[in-house]
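Take a look at the letters that make up each chain.
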Amino acid sequence: MARYIVKRFFIMIITVLVIATLTFFLMHSIPGSPFNQERGTSEAVQANLEAFYGLDEPLYVQYGMYLKSIVTFDFGPSIKNPNQTVNDLLSRGFPISFELGIITILVALISGVTLGIIAALRHNGVIDYLAMTFAVLGISVPNFVLATLVIQQFAVNWSILPAATWSSSAHMVLPTLALATGPMAIIARLTRSSMLEVLTQDYIKMARAKGLTPMKIILKHALKNAMMPVVTILGTLVAAILTGTFVIEKIFAIPGMGKYFVESINGRDYPVIMGTTVFYSSILVFMLFLVDVAYSLLDPRIKLNAKGGE
Amino acid sequence: MKKWGMLLLAMLMLVLAACTANEEAGNESEGDSGGEKVLRMNNGTEPTSLDPSIGFDAPSWNILNNLMEGLTRLGEDHQPKEAIAESWDISEDGLTYTFHIREDANWSNGDPVTAEDFVYGWTYMLDPDTASSAAFLGYFIEGAEDFNSGSGDAESLGLNAVDEKTFEVTLNAPTGSFLNIISNPSFFPVNAKVAEENPSWFAEADSFVSNGPFMLESWKHDSELVMAKNEEYWDKDTVKLDKVHWAMVSNISTEYQMFESGDMDISEIPAESAEELIDGDNVNIDDQAGLAFYRFNVNEEPFQNQKIRKAIAMSVNQQEIVEFVTKMEEKPAYGFVAPGFEDAEGNDFRETNGDLIEYNPEEAKKLLEEGMEEEGYDELPEITLSYSNTESNRVRAESIQQMINQSLDIDIKLSSVEATVFLDEQRGLKHQFSTSSFLHDYADPINALESFTTDSTMNRTGWSNAEYDQLIAQAKEEADEKARFDLLYEAEKILMDEMPIFPLYFYNQVYLYADDVQNIVRHPVGYVELKWADKTE
């Protein structure tokens, strides 16, 4: 296990470096400069700006500076918000996105799994159809539509919850609702189908024959194996949700980090593009690593050692 | 199972901890509205910077213009008025301005506002190491352009602190719009003592020193900024509001929903609801100095021909665009300079120079035929209209495509380009015909018209006209206001006759105000003024 972790750790570092390098060159290959604006300025002003951010240096020098910034994790000031460093933006935005993300994942996971189990147990019954209709709706209604809808109902029409911004726990309810519905629906469908499969396995029949209570069979024997596909998607889902979602954060005016992914690219804010990329890819490869570890915990047949399973 | 339980428990605790931390933060900003006049507004986004030299855009100006004050300040009639300077003398040649700073002009920390603060702030703005986007606005000051381009030094700037309260500025040429330009936040003073001690004094609320109607009470980056009345302000008795809360909500639909649910006093109108809301009693419409227009590239066929350019322009019905497409009560534009600028005799520039283009499909057809004959075209070369990929640009481009088709029976193609790439291509003259926009940096017609001199970075049409360049250069040096406006009138006529661009409509500022909101002044150059604003019970 320890050897595996060390090996994975090195692969993770290399992966992040490769992603970062590709992003750097892709970013510089798209046309447009961060200082392009509708307003006219003078040539001298443009030159001063480029010198200020080191953009007048040759590309390989910029790449060198950038590699240094990855190692020290200091990406310098943002171009669009010059008085703030990329680290400021990330350290301020990430905790907020993380907070919303964790709640969302918990809500999605708990309600999705519960819904999936109930549907599987009442296979082809009314509850199953209701649950799955709900799941299909959840997957097909985009979260920004849902977001606008819940604001209109809960905040404007009924005035029971605040419409937007981020300052108390009441402010968290609507964004969580809008954000969790999609993942919940996906998790519910996955749980249902893998649960159905697991329930027909011999070891479940065996457990029944031994006279275990249905509750115990489901929770102790069936669910653990049925969770495998859910865990698989959870890795990427968690990385994506924890680092914030552009649309939901925009609609609810949540000061998370989701917007930097999109706005930094639109504005060619090079330091922010690089900072968010390195940050996100680090989290993503780490989550994928956790998923691998979780596999071995859920299924003893999967061994993480390089020699492979018996 | 046990392991999972532990993990879940740990996660839950984490979340709970985070929630409680936030609740405390929330209470702090809410429980303070008892008896106080608190205005709740939206800035849309975090201001780019509250460093007056760096924050060169509306989100920064909204805040800065209310926190600080320059030598002059735009009044309720949008004309520059005495502000930190209580008076000034102008030398006979119009080159030297001597400003007398008010004795009672103080910074929010109690320091007096001195001439040295202006020398410091303006020098800092022009310093190439500051990399201020606004620096070019100061090029009329002696030595400024050389200093900013790296070939001069700070000592040669025409800025001089004669004594503590007397500030002298020397210009390259008499500049009619000088008093107007220096009301822009880039020309605000900087408290030299504070800035030398802490170069990023403007980055946080606790180090920010202001000299305007309000001071910065708190600033939660990216989410909320609170201003409180500045008791050190020389004209504090005029200021009615106790506090202003600025939210940073970028989605206009959300902003409107917050307004509807009573969380916001002022809101913009979401584009999709324009039709139903624009006629409401709570709608306030102010002019904005700037316009939507289209650029022709005169280096690309068929737009090297003036008659063909004019034919296209005359086949577009501006009135219909504002009535049925944008639907925000904008004024159709028949010239390049927006309404609201007074000339030397107090007449409105736009009215005086009149309509310089008209919608006339018959005349357009004739001009097109003549133009095609001049160029020897049997068939018109293909025309592509490029636009930056926003929804509003697309809708407008499609309407224009249809109008040109109806009037002239020409099929033009549309091409949507990502915004930053679009600007790059436009500057590189890669478009044939493109969507454009202009917003004033300061309130003078010359700011609009100087865009189309040969070497202007705003030109982006390839159009170059010696007579036009000459008129603008003369206007910049003309000391006599009447003569200066005559030059500008003449220049606009040339621009509209040559038509390297054609105007569509003048922008405006449309806001919904709650019933108790009063006296907010929105200057056409884009800053909002809360000095006189009030909330009645």
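Reading guide: rules and limits
- Residues numbered from 1 in each chain as written.
- Chains lettered and ligands numbered in written order.
- Predicted model: local features only at pLDDT ≥ 70, side-chain atom pairs only at ≥ 80, totals over all residues.
- Heavy atoms only, no water.
- Helix = DSSP H or I, 4+ residues; strand = E, 2+ residues; numbered from the N terminus.
- Buried < 20%, exposed > 50% of the residue type's maximum accessible area, 1.4 Å probe, protein only.
- Contact = heavy atoms within 4.5 Å.
- Areas by Shrake-Rupley, 256 points an atom, 1.4 Å probe, with all protein chains shown as cover.
- Lys, Arg positive; Asp, Glu negative; His and termini not counted.
- Charge placed at Lys NZ, Arg CZ, Asp CG, Glu CD.
- Pairing = 2+ DSSP bridges.
- Axes fitted to C-alpha atoms, helices over the stretch in contact; angles between N-to-C directions.
- Buried area = accessible area lost by both parts, 1.4 Å probe.
- Salt bridge = Lys/Arg side-chain N within 4 Å of Asp/Glu carboxyl O.
- Polar contact = N/O pair within 3.5 Å; in protein donor to acceptor, adjacent residues only side chain to side chain.
- Domains from an automatic or database assignment.
- Parallel < 35°, antiparallel > 145°, perpendicular 65-115°, else oblique.
- Left-handed = near helix turned anticlockwise from the far one by under 90°.
- Nonpolar A, V, L, I, M, F, W, Y, C, P; charged D, E, K, R; others polar.
- Patch = residues over 30% accessible without salt bridge, like charges linked within 9 Å, V, L, I, M, F, W, Y side chains within 5 Å.
- Core = buried A, V, L, I, M, F, W, Y, C linked by side-chain atoms within 4.5 Å.
- Phe/Tyr/Trp six-rings, centres within 6.5 Å; stacked < 30°, edge-to-face > 60°.
- Lys NZ or Arg CZ within 6 Å of the ring centre and 35° of its normal.

### Notes on the overall build of chain A
Logical step 1: Regarding its fold elements, chain A presents 13 helices and 0 strands.
Logical step 2: The secondary structure elements of chain A, listed N-terminal to C-terminal, are α-α-α-α-α-α-α-α-α-α-α-α-α.
Logical step 3: Across its three principal directions, the C-alpha atoms of chain A cover 85 × 60 × 30 Å.
Logical step 4: Here chain A holds 310 residues, and 51% of them are scored as buried.
Logical step 5: Counting contacts in chain A only where the partners sit at least 6 residues apart, residues at least 24 apart contribute 73% of the total.
Logical step 6: Accessible surface, chain A: about 14700 Å² in total, of which carbon and sulfur atoms supply 70%.
Logical step 7: The centroid of the 22 positive side-chain charges in chain A is displaced by 16 Å from the centroid of its 17 negative side-chain charges.

### A look at the sheet that holds strand β5 (residues 96–101) of chain B
Backbone hydrogen bonds hold the strands of a sheet together, and the pairing may be parallel or antiparallel.
Residue and element names in this part refer to chain B.
Logical step 1: Here we have 4 strands laid out as an open sheet, ordered β4-β5-β7-β6, and antiparallel in their pairing. Bordering the open sheet on either side are β4 (85–90) and β6 (159–163), each of which pairs with just one other strand. Neighbouring strand axes in the sheet, compared pairwise and without regard to direction, differ in orientation by 25 degrees on average.
Logical step 2: Bridge analysis of β6 against strand β7 (residues 166–170) gives 4 bridges, and the strand direction is antiparallel. If you follow Leu159 over to β7, its bridge partner there is Val169.
Logical step 3: The strands touched by helix α3 (residues 115–126) are β5, β6 and β7; relative to β6, the strand with the most contacts, the crossing angle is about 170 degrees.

### Brief notes about the interface of chain A and chain B
Logical step 1: Tallying the contact residues gives 54 residues for chain A and 64 residues for chain B.
Logical step 2: The junction of chain A with chain B conceals about 4800 Å² of combined surface from both sides, 56% of it contributed by carbon and sulfur atoms.
Logical step 3: At the boundary of chain A and chain B, one finds 3 salt bridges.
Logical step 4: With a shortest N-O distance of 4.0 Å, A:Arg92 and B:Asp222 are connected by a salt bridge.
Logical step 5: Joining chain A to chain B, the criterion identifies 12 residue pairs in polar contact (both at pLDDT 80 or more).

### Description of the sheet that holds strand β1 (residues 38–42) of chain B
Residue and element names in this part refer to chain B.
Logical step 1: Taken together, 4 strands build an open sheet; the order of strands is β1-β10-β9-β8 and the sheet is mixed. Either end of the sheet is taken by a strand with one partner, and the two such strands are β1 and β8 (214–220). Within this sheet the neighbouring strands show an average axis-to-axis angle of 20 degrees, counted without direction.
Logical step 2: Of the strand pairs in this sheet, β1 and strand β10 (residues 243–247) are connected by 5 bridges, and their pairing is parallel. By the bridge assignment for β10, Leu39 is matched with Val244.
Logical step 3: Seen against the sheet, helix α2 (residues 58–67) touches β8, β9 (224–229) and β10 and runs at an angle of roughly 20 degrees to β9.

### Brief notes about the domain arrangement of chain B
All names here are of chain B.
Logical step 1: Partitioning chain B into domains gives domain 1 (58–246 + 514–535) and domain 2 (290–509).
Logical step 2: Relative to domain 2, the C-alpha centre of domain 1 lies at a distance of 33 Å.
Logical step 3: Contacts between domain 1 and domain 2 engage 15 residues on the former and 13 residues on the latter.
Logical step 4: Between domain 1 and domain 2, the buried area comes to about 1200 Å², and carbon and sulfur atoms account for 56% of it.

### Side note on unusual backbone geometry
Logical step 1: The residue after B:Glu301, namely B:Pro302, is reached through a cis peptide bond having omega 0 degrees.
Logical step 2: Relative to the elements of secondary structure, B:Pro302 occurs in the loop between β12 (283–296) and α9 (306–314).
Logical step 3: In this model, A:Phe73 sits at a positive phi of 45 degrees, which is unusual for a non-glycine residue.
Logical step 4: Take A:Phe73: it is sitting in the loop between α3 (59–72) and α4 (86–121).
Logical step 5: Residue A:Phe73 is classed as partly exposed on the basis of its relative accessible area of 33%.

### Structural notes on α9(B)
Residues and elements named next belong to chain B.
Logical step 1: By the criterion of burial, α9 is predominantly enclosed, with 7 of the 9 residues buried.
Logical step 2: Check the buried side of α9 and you find it contacts β12, α12 (361–375), α13 (391–408), β16 (433–439), α17 (481–498) and β17 (501–513).
Logical step 3: You can read the cap of α9 off the contacts: a side-chain oxygen lies 2.7 Å from the backbone nitrogen of Lys307, and it is on Asn305.

### Quick notes on the packing of helix α7 (residues 170–199) of chain A against helix α9 (residues 214–226) of chain A
All names here are of chain A.
Logical step 1: Relative orientation of the contacting elements α7 and α9 amounts to 120 degrees, with a least axis distance of 8 Å. One way to sum up the angle between α7 and α9 is to call them oblique. Crossing of α7 over α9 shows right-handed handedness. Contacts between α7 and α9 pair Ser194, Met195, Val198 and Leu199 from the former with Ile218, Ala222, Leu223, Asn225 and Ala226 from the latter.
Logical step 2: The class makeup of the residues in the contact of α7 with α9 is 7 nonpolar, 2 polar and no charged.

### Observations concerning a negative patch on the surface
Residues and elements named next belong to chain B.
Logical step 1: Together, Glu86, Glu103, Asp104, Asp163 and Glu164 line one region of the surface with negative charge.
Logical step 2: Positionally, Glu86 belongs in strand β4.
Logical step 3: Looking at Glu86, the relative accessible area reads 41%, which means it is partly exposed.

### Observations regarding the pattern of salt bridges
Logical step 1: Evaluation of the coordinates by the stated rule reveals 30 salt bridges over all chains.
Logical step 2: For A:Asp292, the salt bridge goes to A:Arg8, with nearest N and O atoms at 2.4 Å. Here A:Asp292 is found in helix α13 (residues 270–298), whereas its partner A:Arg8 is found in helix α1 (residues 2–29), with 284 residues between them in sequence.
Logical step 3: Connected through shared salt-bridge partners, A:Arg92, A:Lys259 and B:Asp222 make up one network.

### With respect to the nonpolar core
Logical step 1: Core analysis: the largest hydrophobic core is formed by 249 residues, its most contacted members being B:Trp122, B:Phe167 and B:Phe433.
Logical step 2: Broken down by element, this core gets its largest block of residues, 15 residues, from α13(A).
Logical step 3: Apart from the residues lying within four places of it in its own chain, the contact partners of B:Phe167 are B:Leu71, B:Tyr97, B:Thr98, B:Phe99, B:Ile101, B:Ala115, B:Phe118, B:Val119, B:Trp122, B:Leu159 and B:Asn160.
Logical step 4: Counting 5 residues, the second-largest nonpolar core is a separate cluster that includes A:Ala119, A:Ala131, A:Met132 and A:Ala135.

### Quick notes on the side chain of B:Gln432
Residue and element names in this part refer to chain B.
Logical step 1: With respect to the element layout, Gln432 can be found in the loop between α14 (419–427) and β16.
Logical step 2: Residue classification places Gln432 among the buried positions, given a relative accessible area of 11%.
Logical step 3: Within polar-contact distance, the side chain of Gln432 engages the backbone nitrogen of Thr384 at 2.8 Å.
Logical step 4: Filtering out sequence-adjacent residues up to four positions away, Gln432 remains in contact with Arg295, Phe296, Asn297, Glu300, Glu301, Pro302, Phe303, Glu382, Ile383 and Thr384.

### Some details on the environment of A:Thr243
All names here are of chain A.
Logical step 1: Tracing the backbone through its elements, the reader meets Thr243 in the loop between α10 (228–242) and α11 (246–251).
Logical step 2: We classify Thr243 as buried; its relative accessible area is 1%.
Logical step 3: Not counting the four nearest positions on each side in its chain, Thr243 is found in contact with Phe94, Ser97, Met257, Gly258, Phe261, Phe279, Tyr280 and Ile283.

### Re the packing of aromatic side chains
Logical step 1: This structure, assessed with the given rule, holds 47 aromatic pairs over all chains.
Logical step 2: When the ring of A:Phe24 is compared with that of A:Phe25, the centres are 5.0 Å apart and the planes differ by 85 degrees; the resulting orientation is edge-to-face.
Logical step 3: With centroids separated by 6.0 Å and ring planes inclined at 80 degrees, the aromatic side chains of B:Tyr505 and B:Tyr507 adopt a geometry described as edge-to-face. Pair check on accessibility: B:Tyr505 and B:Tyr507 agree, each one buried.
Logical step 4: Three or more aromatic residues joined by ring pairs form one cluster here, namely B:Trp88, B:Tyr97, B:Phe99, B:Phe118, B:Trp122, B:Phe140, B:Phe167, B:Phe178 and B:Phe187.
Logical step 5: Seen from the ring of B:Trp234, B:Arg102 lies directly overhead, with NZ or CZ sitting 3.5 Å from the centre.
Logical step 6: The ring of B:Tyr511 carries B:Arg522 above its face, with NZ or CZ at 3.5 Å from the centroid.

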